[in-house]
Amino acid sequence: MIGLEFAPTPRCQSLRLTRTFGGSRPARMGGGGQLTEPAEQVNGRAGGVYTWQEVQSHCSRSDQWLVIDRKVYNITQWAKRHPGGIRVISHYAGEDATEAFTAFHPDLKWVQKFLKPLLIGELAATEPSQDRNKSATIIQDFHTLRAKVESEGLFRARPSFFCFHLGHILLLEALAWLIIWVWGTSWTLTLLSAFLLATSQLQAGWLQHDFGHLSVFKKSSWNHVLHKFTIGHLKGASANWWNHRHYQHHAKPNVFSKDPDVNMLHLFVIGKTQPVEYGIKKIKYMPYHHQHQYFFLVGPPLLIPIYFHIQIMRSMISRHDWVDLACSLSHYLRYLCCSVPLYGLLGSMLLISFVRILESHCFVWVTQMNHLPMNIDHEKHQDWLSMQLHATCNVKQSPFNDWFSGHLNFQIEHHLFPTMPRHNYHLVAPQVRALCDKHGIPYQVKTMWQGFADVFRSLKNSGDLWLDAYLHK
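Residues numbered from 1 in each chain as written. Predicted model: local features only at pLDDT ≥ 70, side-chain atom pairs only at ≥ 80, totals over all residues. Heavy atoms only, no water.

S.K.: Help me out: how do you make sense of the overall build of the protein chain in this one?
M.R.: Counting secondary structure elements, the protein chain contains 18 helices and ten strands. Computed over C-alpha atoms, the radius of gyration of the protein chain comes to 24 Å, within 12% of the 23 Å expected from 2.2 N^0.38 for 473 residues, which places it in the range of a compact globule. In terms of principal-axis extent, the alpha carbons of the protein chain reach across some 85 × 55 × 45 Å. Counting all 473 residues of the protein chain, 55% fall into the buried class. Long-range pairs, those at least 24 residues apart, make up 73% of the contacts in the protein chain with a sequence separation of at least 6. Between the averaged position of the 45 positive side-chain charges in the protein chain and that of its 33 negative side-chain charges there is a distance of 3 Å. (Helix = DSSP H or I, 4+ residues; strand = E, 2+ residues; numbered from the N terminus. Rg over C-alpha atoms; globule rule 2.2 N^0.38 Å. Buried < 20%, exposed > 50% of the residue type's maximum accessible area, 1.4 Å probe, protein only. Contact = heavy atoms within 4.5 Å. Lys, Arg positive; Asp, Glu negative; His and termini not counted. Charge placed at Lys NZ, Arg CZ, Asp CG, Glu CD.)

Structure follows, in structure tokens:
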């Protein structure tokens, strides 16, 4: 789902602290929760022993701990240097991040070296491995499933698949320009060319998504290089902007204040909780009971050409992402070199705006149908499998649906295994469904048209909830 703005991570409530150390004398805590006196050392590592209650208390912006495989890490300073952005790792402050850590990093051994300096101890032996009310059985069963699909080679990509995909993107764009260069710039040919360019852009968006999730090459560096080329030179966007935004969505899908895709700048109220909250507080930035109607005016046509374009440019400049900016500008320079001789500067600007609007329509409907009709709420601290299944649904498989959506019709499998090559989603889907059936977790599959209709229906239902609360509560 595509939202409109980042939101700050809310501060956690203060908790009464309990700490047990190997020695009888407690260690003093420095800024950000760092140990200022050495605790007992275990094999050269900090030997603090902690309860879940204490870990959960360290979840403010200035003091962040998290747990991975029962080891406790102080990420307060590291979060600012985290390659995926400060927000995505901060969303797990005070929590068990084992499942998210495993899902996002294809080479766990390589990443472990960054964790060693952050280690401050481990959970007490009497503490469970999972925090809060998460199901140990579900977590273990999903861990077993992941190990099984890894052994089956489903995390190995087929280079030919992605080479073919890149080739057809370049072919579509070349064909679009060839048509008008050879046969002229009539309205009919211009429209045909615009549709081909929009299709090429949409498919390039799915390909950059593959590289961004590190699902093509074994070496992360190769994925990063191709990601910058694909999203930058082919699409005119920013790899760093995408990483910092999109990984938050995967880490906490449909969670207010953590998933940027559900922050709607007060243009829409979504889900079942937010509309009632807005209604009770008499918040009326927009006539929300009509949002299912004005969505067609401000959602699909404007997201990419207006909001995303402004946000991307502002992000690259403010963060000094000069490499991303150079890649983005190379895209527009190439476009102008092809279009200005045919349409002039003004005509070229109108053409690319029309292409972006066409692309935006397809992009919004494809991304919204998997998330917007699903559960959208505040943080519930669920295990990985339950959280992803409550926030995502699938669209039925077909050759067209696979191609048109970039295999994101398998949204459930993509969210559970974000580093898995998309051509393997259909192979793991039956195993995921069996696991969901075992634990009574709904596994929703729709037709594409039903998915589109559910976007409209969910907006209307949320608007009705807001109106009822606004008038009667």
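Text resumes after the structure shown.
S.K.: Hey, could you run me through a nonpolar patch on the surface in this one?
M.R.: Together, Leu-175, Leu-178, Trp-181, Val-182 and Trp-183 line one region of the surface with nonpolar side chains, adding up to about 570 Å² of accessible area. Mapped onto the elements, Trp-181 comes out in helix α6 (residues 159–183). Judged by its relative accessible area of 47%, Trp-181 falls in the partly exposed class. (Patch = residues over 30% accessible without salt bridge, like charges linked within 9 Å, V, L, I, M, F, W, Y side chains within 5 Å. Areas by Shrake-Rupley, 256 points an atom, 1.4 Å probe, with all protein chains shown as cover. Salt bridge = Lys/Arg side-chain N within 4 Å of Asp/Glu carboxyl O.)

S.K.: I keep staring at the packing of helix α11 (residues 291–298) against helix α18 (residues 448–472) and nothing clicks. Help me out?
M.R.: Helices that pack against each other are described as a pair by the angle of their axes relative to one another and the distance between those axes. Contact pair α11 / α18: the axes reach a minimum separation of 8 Å and the direction vectors enclose 130°. Between α11 and α18, the interaxial angle falls into the category oblique. For the pair α11 and α18, the contacting residues are Gln-291, His-292, Phe-295 and Phe-296 in the first and Val-455, Phe-456, Leu-459, Lys-460, Ser-462 and Gly-463 in the second. Residue composition of the contact of α11 with α18, by class: five nonpolar, four polar and one charged. (Axes fitted to C-alpha atoms, helices over the stretch in contact; angles between N-to-C directions. Parallel < 35°, antiparallel > 145°, perpendicular 65-115°, else oblique. Nonpolar A, V, L, I, M, F, W, Y, C, P; charged D, E, K, R; others polar.)

S.K.: Sorry, what's going on with the side chain of Ser-405 here?
M.R.: The topology assignment puts Ser-405 in the loop between α15 (399–404) and α16 (411–416). The exposure class of Ser-405 is buried, given its relative accessible area of 0%. Among the polar contacts listed, one links the side chain of Ser-405 to the backbone oxygen of Asn-401, at a separation of 2.6 Å. Setting aside residues up to four positions removed in sequence, Ser-405 forms contacts with Trp-206 and Val-366. (Polar contact = N/O pair within 3.5 Å; in protein donor to acceptor, adjacent residues only side chain to side chain.)

S.K.: Is there a simple way to explain the environment of Gln-444 in this structure?
M.R.: When you line up the elements, Gln-444 lands in the loop between α17 (425–439) and β10 (445–446). Judged by its relative accessible area of 34%, Gln-444 falls in the partly exposed class. C-alpha separation for the pair Gln-444 and Leu-389, spaced 55 residues apart in sequence, amounts to 8.4 Å. When sequence neighbours within four positions are dropped, the list of residues in contact with Gln-444 reads Met-374, Cys-393, Asn-394 and Ile-412.

S.K.: What should I look at first to understand the pairing of strand β6 (residues 63–68) in this one?
M.R.: The side chains of a regular strand alternate between the sheet's two faces. In terms of burial, β6 is largely enclosed, as six of its six residues are buried. Residues Asp-63, Trp-65 and Val-67 line one face of β6 and the alternating positions Gln-64, Leu-66 and Ile-68 line the opposite face, and both faces are buried. In this structure, strand β5 (residues 59–60) lies alongside β6, joined through two bridges in antiparallel fashion. When the bridges of β6 are listed, Cys-59 appears paired with Gln-64. Between β5 and the antiparallel strand that follows it, β6, lie two residues. Examined bridge by bridge, β6 and strand β7 (residues 71–74) share four bridges and lie antiparallel to one another. Counterpart to Leu-66 in the pairing with β7 is Tyr-73. Here β6 hands over to β7 after two residues, with Asp-69 in that stretch at a positive phi of 50°. (Pairing = 2+ DSSP bridges.)

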